Amino acid sequence: MRSLFLQAPSFDGFDGGAGARYQMRREVRSFWYPTWLAQPAAMVDGSKLIDAPPHRLTFADIAPYARTHELLVLHTSTPSFNSDVRTARAMKELNPDLKVGLIGAKVAVEPEESLKACDAIDFVARNEFDFTIKEVAEGRDWSRIDGLSYRSADRVIVHNPDRAIIENMDDLPFVTPVYKRDLVIENYFGGYLKHPYISFYTGRGCKSRCTFCLWPQTVGGHRYRTRSIGHVMEELTWAKAAFPQVKEFFFDDDTLTDNIPRVEALAREIGKLGLTWSCNAKGNVPRETLKVMKDNGLRLLLVGYESGNQQILYNIKKGMRVDVARRFTKDCHELGILIHGTFILGLPGETKETIEETIRFANEINPHTIQVSLAAPYPGTFLYRQAQENGWLYDPEAELLTDRGTQIAALNYPHLTHTEIFESVEQFYKRFYFRAPKIAAIVGEMIKSPEMMKRRLREGIEFFHFLRDRDETSH
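To keep things clear, this report deals only with the structure shown in the data block. Numbers given for residues are sequential positions, taken from 1 along each chain in its written order. With the structure being a predicted model, the display of local features is reserved for residues of pLDDT at least 70 and the display and counting of side-chain atom pairs for 80 or more, all residues being used for whole-chain, interface and lining totals. Side-chain figures throughout are based on the complete set of non-hydrogen atoms in the structure, without hydrogens or water.

### Focus: the overall build of the chain
- Looking only at helices and strands, the chain has 19 helices and 17 strands in total.
- With respect to the principal axes defined by its C-alpha atoms, the chain has extents near 65 × 55 × 40 Å.
- Three exposure classes are used, based on accessible area relative to the maximum for each residue type with a 1.4 Å probe and protein chains only: buried under 20%, partly exposed in between, and exposed over 50%. Burial status across the chain gives 60% buried among its 475 residues.
- Any two residues whose heavy atoms approach within 4.5 Å at even a single point are treated as in contact. Contacts in the chain between residues far apart in sequence, at least 24 positions, make up 72% of those at least 6 positions apart. Numbering of helices and strands starts at the N terminus; helices are DSSP runs of H or I of at least 4 residues and strands are runs of E of at least 2.

### Notes on the pattern of salt bridges
- Put simply, a salt bridge is a Lys or Arg side-chain nitrogen that is within 4 Å of an Asp or Glu carboxyl oxygen. Per the stated rule, a full pass over the model turns up 32 salt bridges.
- The closest approach of N and O atoms between D323 and R321, which form a salt bridge, is 3.2 Å.
- Residue classification places D323 among the partly exposed positions, given a relative accessible area of 37%.
- For R321, a relative accessible area of 41% puts it in the partly exposed group.
- Connected through shared salt-bridge partners, K134, E135, E138, R140 and R163 make up one network.

### Side note on the packing of aromatic side chains
- Centres within 6.5 Å are what make two rings of Phe, Tyr or Trp a pair, Trp counting through its six-membered ring; a difference in plane orientation under 30 degrees is then read as stacked, over 60 as edge-to-face, and the rest as tilted. Counted under the stated rule, the structure contains 20 aromatic pairs.
- Taken together, a centroid distance of 5.8 Å and an interplanar angle of 75 degrees make the contact between W32 and Y197 edge-to-face. With W32 in the loop between β3 (24–25) and α1 (35–42) and Y197 in strand β10 (residues 197–200), the pair connects residues that are 165 residues apart, well separated along the chain.
- A residue is classified by how much of its surface remains accessible, and Y197, at 1% relative accessible area, is buried.
- Here F343 and F428 contribute two aromatic rings whose centre-to-centre distance is 5.4 Å and whose plane-to-plane angle is 45 degrees, an arrangement assigned as tilted. In this pair, F343 is assigned in strand β16 (residues 338–345) and F428 in helix α17 (residues 418–433), connecting sequence segments 85 residues apart.
- Positioned above the aromatic ring of F243, the side-chain terminus of K180 is 5.2 Å from the ring centre. Here, a charge over a ring means that NZ of Lys or CZ of Arg falls within 6 Å of the ring centre while also lying within 35 degrees of the ring normal.

### A few points about the nonpolar core
- Working definition of a nonpolar core: buried Ala, Val, Leu, Ile, Met, Phe, Trp, Tyr and Cys residues. They are joined through side-chain atoms within 4.5 Å. Core analysis: the biggest nonpolar cluster contains 115 residues, and Y179, F200, L236, W277, L301, Y305 and F328 have the highest contact counts within it.
- Per element, the largest residue contribution to this core is 7 residues, and it comes from α17.
- In contact with F328, other than residues within four places in its own chain, are K282, G283, N284, V285, L290, L301, V303, Y305 and I339.
- One finds A66, F81, L98 and V124 within the second-largest nonpolar core, a separate group that totals 22 residues.

### Comments concerning the sheet that holds strand β5 (residues 71–75)
- Strand pairing is defined by DSSP finding a minimum of two bridges between the two strands. Spatially, β4-β1-β5-β6-β7-β8-β9 is the arrangement adopted by the 7 strands of the open sheet, whose pairing is mixed. Among the strands making up the open sheet, the edge pair consists of β4 (48–51) and β9 (157–159). On average, each strand axis in the sheet is inclined to that of its neighbour by 20 degrees, with strand direction left out of account.
- Here α1 sits on the sheet and contacts β1 (3–7), β4, β5 and β6 (99–103); the angle it forms with β1, its principal contact strand, is near 175 degrees.
- In this analysis an axis means a line fitted to C-alpha atoms, helices contributing only their contacting stretch, and an angle means the value between N-to-C directions, from 0 to 180 degrees. Its contacts with the sheet place helix α7 (residues 130–137) against β1, β5, β6, β7 (123–125) and β8 (148–151), and it is angled at close to 145 degrees to β7.

### Brief notes about helix α12 (residues 287–295)
- Within α12, the full set of buried residues consists of T289, L290, V292 and M293. Projected down its long axis, α12 shows its buried positions confined to an angular sector of 160 degrees, all on one face. Exposed and oriented more than 90 degrees from the buried face of α12 are E288 and D295.
- Next to the buried residues of α12 lie α11 (260–273), β14 (277–281), β15 (298–306) and α14 (322–335).
- Two residues or fewer after α12 comes G297, characterised by a positive phi angle close to 105 degrees. Note that the arc is computed from the directions linking the helix axis to the C-beta atoms.

### Notes on the environment of A164
- Tracing the backbone through its elements, the reader meets A164 in the loop between β9 and α8 (176–182).
- Among the residues examined, A164 registers a relative accessible area of 63% and is labelled exposed.
- On a C-alpha basis, the gap between A164 and E426 in space is 44 Å, while along the polypeptide they are 262 residues apart.

### A closer look at the packing of helix α15 (residues 352–365) against α17
- Here α15 crosses α17 at 20 degrees, and the two axes come no closer than 10 Å. As far as their axial angle goes, α17 and α15 are roughly parallel. Seen from above, α15 lies across α17 with right-handed handedness. In this structure, α15 contributes K352, I355, E356, T358, I359, R360, A362 and N363 to the contact, and α17 contributes E420, S424, F428, R431 and F432.
- Three residue categories are used. Nonpolar comprises Ala, Val, Leu, Ile, Met, Phe, Trp, Tyr, Cys and Pro, charged comprises Asp, Glu, Lys and Arg, and polar comprises the others, including Gly. Residues belonging to the contact of α15 with α17 are distributed by class as follows: 5 nonpolar, 3 polar and 5 charged. In what follows, roughly perpendicular refers to angles from 65 to 115 degrees, roughly parallel to angles under 35, roughly antiparallel to angles over 145, and oblique to any angle outside these ranges. By convention, the crossing between two helices is left-handed when the near helix turns anticlockwise from the far helix through less than a right angle, and right-handed when the turn is clockwise.

### Quick look at α7
- Most of α7 sits out of view: 6 of its 8 residues are buried.
- Buried within α7 are the following residues: D130, T132, I133, E135, V136 and A137.
- Positive phi shows up at G139, right after α7, with a value of about 85 degrees.

### Focus: the packing of α11 against α12
- Packing of α11 against α12 brings their axes to within 8 Å, and their N-to-C directions diverge by 20 degrees. The angle between the axes of α11 and α12 places the two elements in the roughly parallel class. For α11 against α12, the interelement crossing comes out left-handed. Across the interface between the two elements, I260, V263, E264, A267 and R268 of α11 pack against T289, V292 and M293 of α12.

### A few points about the side chain of S307
- Looking at the element boundaries, S307 is found in the loop between β15 and α13 (310–315).
- Under the relative-accessibility criterion, S307 is labelled buried at 2%.
- Between N or O atoms, a polar contact is any pair within 3.5 Å; within protein, one atom must be a potential hydrogen donor and the other a potential acceptor, and residues adjacent in sequence are included only when both atoms are from side chains. Reaching out from S307, the side chain makes a polar contact with the backbone nitrogen of N309 at a distance of 3.0 Å.
- Only 3.3 Å separates the side chain of S307 from the side chain of T358, close enough to count as a polar contact.
- In this view, S307 contacts I312, L313, F343, T358 and F361; residues no more than four positions away in its chain are not counted.

### Observations regarding the pairing of β5
- Among the 5 residues of β5, 5 are classified as buried, and the element is accordingly described as predominantly covered.
- Here β5 shows no split at all, with L71, V73 and H75 on one side and L72 and L74 on the other all buried.
- Across 4 bridges, the pairing between β1 and β5 is parallel. By the bridge assignment, S3 is partnered in β5 with L71.
- Direction of pairing for β5 relative to β6: parallel, over a ladder of 5 bridges.

What follows is the structure, encoded as structure tokens:
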């Protein structure tokens, strides 16, 4: 089938791909590659991938494709679902014969509800959906496709048996040729990554049990399944030649450092290519491993600290100790590895005092850059079930985002209101970035590089617009 894979138009600046983590407008305009959409696209001959938000495409831009394709696959999420459904319905109206399906964590955990939400949706692919979509595109009988939930000819919703998890990750084709064919890579950037960058996965799953983390609990699972190092190096070698302008490769595995021997071996191979790279890491990597990674091109680690309070880390099953994270961060500073630290406010156990503790902790360990998010109870996560059982959702019917695409504080505790949690994000940012040493470091970066000066000034403007939008939301 002539197949279109679509990340639909949405809020201005909305990062719907967003790796495997969350979907929202961020404080500084950032776009992650739609790798989870590109992967099945790579498995279907003659497919087309459109990632509308980074390319600033409107519905008018994508509408003509409805008439030239037979299959439309949209990636969706809890925050973007209503908007994506509107796009699906509009595309179907243009071509009633178009088969429309959804993929993503939202439909993986709520297949029946997702199909009932809109008659224009013909099917959803549950869990690990790559081969499910491939078989749909091949025109196979839907009743024989594992992992598929669909609307039958007589409009009855049918749920086929689950699809077996992929064991041999080398069975998945490279995604970077799809990037080359269909995306403008200069449209993808993150505040802490060199530009232009490329990201993809070397494995799926995360052995950590963080209660809030979406994809391990819905699609990827808790067993870290990896591609062979040779397979990863083949793709890196291809991508290095195909994208000579790329300055950094980011490995978007939930936690690349989950497998210490593998990450050391992978680092040594990357070192032979002379590439600059970065990845997600847990704040407990041994110094010896960090040194191997740094000596072979590692520039930056994205580290989920979440909180500076040990009890909150216990509450969310982070499997992390504050003192270990502190020592790890010191090792990174000494080895010259930059850190983008991520924090979450409003997790179970949060109080005004623990928020203060986390802000002080962040200032003490001093990552190069930070991201502060609000606890988001996505359906399918342990946190969502906890919030429902304990009455923590301040409005069970509320969306996770504002009508501008920025996060809202969805959780509310007897001792801490959602408004207090929401307002603490701005205080966190200001107290971290408006310190004299941090300002001096940023100015120093800008003085050394005209490109960095231009970039930081743009990000500064975006950041203040973000704060203004949040302030308007709170009122």
